[in-house]
Amino acid sequence: MTSLRLVVDINVLISAALVSTGAPARLVHLALAQHQLVFSQPTFDELRTRLYRPKFDRYLSLENRELLLHDFNASAHWVEVAEPGHYCRDRDDDKFIETALVANAAFLISGDKDLLEATAVPGGVHIVTAAQALEKLTASSAQNILTLQWKSP
């Protein structure tokens, strides 16, 4: 299977860190195992800032947060982005779309309604939920396995 570049919004990454079951966690595990998570400095900075909010203290230790950031940083495909264009209602979300455009990402995965409803996105960026991405990626993986089986002697 071809490794795809995936931009994952912060809400999905934090959901995956907080709950080890469910679509966000399964998606992040699949992304890390078979694909490439993509970050730009602005998207990673947002992850860092949000992850260290006091409201997460009871769910994630400081050590676990540092490990998450380290692992995401080490495994990520990094891109440089300029000032993002205006793509959706919440200008703060435009950095995720810009990152996906620069990376030529297959998907921008989010639970944010502003991103999911963005209509001014150029370049064929597919903005989907974690469950939708998981369905598409696992279906694609299954299709590739079937193709390999048919080609095998």
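See above for the structure.
All of these numbers come straight from a predicted model, not from anything done at the bench.

In this section: the overall build of the protein chain. Summing up its helical and strand segments, the protein chain has seven helices and five strands in all. Seen in sequence order, the protein chain has helices and strands lined up from the N terminus as β-α-α-β-α-α-β-α-β-α-β-α. In terms of C-alpha radius of gyration, the protein chain reaches 16 Å, essentially the compact-globule figure of 15 Å for 153 residues. Here the C-alpha coordinates of the protein chain stretch approximately 55 × 35 × 25 Å along the principal axes. Counting only residues that meet the buried cut, the protein chain has 41% of its 153 residues in that class. When contacts within the protein chain are restricted to residue pairs at least 6 apart in sequence, those whose partners lie at least 24 apart make up 64%. Surface accessibility of the protein chain: about 8,500 Å² in total, with carbon and sulfur atoms responsible for 53%. Taking the average location of the 14 positive side-chain charges in the protein chain and that of its 18 negative ones, the two points are 5 Å from each other.

The subject of this paragraph is the pairing of strand β2 (residues 36-39). The sheet contact formed by strand β1 (residues 5-8) and β2 spans two bridges and is parallel. Its bridge partner being in β2, Leu6 is matched across the sheet by Leu37.

Take the nonpolar core next. With 46 residues, the main nonpolar core has Leu47, Ile97, Leu108 and Ile109 as its most contacted residues. Per-element tally for this core: the top contributor is helix α2 (residues 23-34), with six residues. In contact with Leu47, other than residues within four places in its own chain, are Ile10, Leu13, Ile14, Phe39, Leu69 and Phe72.

The sheet built from five strands is open, its strands ordered β3-β2-β1-β4-β5 with parallel pairing. Taken across any chain shown, the strands that pair with only one partner, and hence form the sheet edges, are β3 (77-78) and β5 (126-128). Bridge analysis of β2 against β3 gives two bridges, and the strand direction is parallel. Each residue of the ladder has a partner; that of Val38, found in β3, is His77.

Judged by side-chain polarity, Leu18, Val19 and Tyr59 come together as a nonpolar surface patch covering roughly 280 Å² of accessible area. Its place among the elements puts Val19 in the loop between α1 (10-18) and α2. On the basis of relative accessible area, Val19 is assigned to the partly exposed category, the value being 44%.

Calculation notes
- Residues numbered from 1 in each chain as written.
- Predicted model: local features only at pLDDT ≥ 70, side-chain atom pairs only at ≥ 80, totals over all residues.
- Heavy atoms only, no water.
- Helix = DSSP H or I, 4+ residues; strand = E, 2+ residues; numbered from the N terminus.
- Rg over C-alpha atoms; globule rule 2.2 N^0.38 Å.
- Buried < 20%, exposed > 50% of the residue type's maximum accessible area, 1.4 Å probe, protein only.
- Contact = heavy atoms within 4.5 Å.
- Areas by Shrake-Rupley, 256 points an atom, 1.4 Å probe, with all protein chains shown as cover.
- Lys, Arg positive; Asp, Glu negative; His and termini not counted.
- Charge placed at Lys NZ, Arg CZ, Asp CG, Glu CD.
- Pairing = 2+ DSSP bridges.
- Core = buried A, V, L, I, M, F, W, Y, C linked by side-chain atoms within 4.5 Å.
- Patch = residues over 30% accessible without salt bridge, like charges linked within 9 Å, V, L, I, M, F, W, Y side chains within 5 Å.
- Salt bridge = Lys/Arg side-chain N within 4 Å of Asp/Glu carboxyl O.

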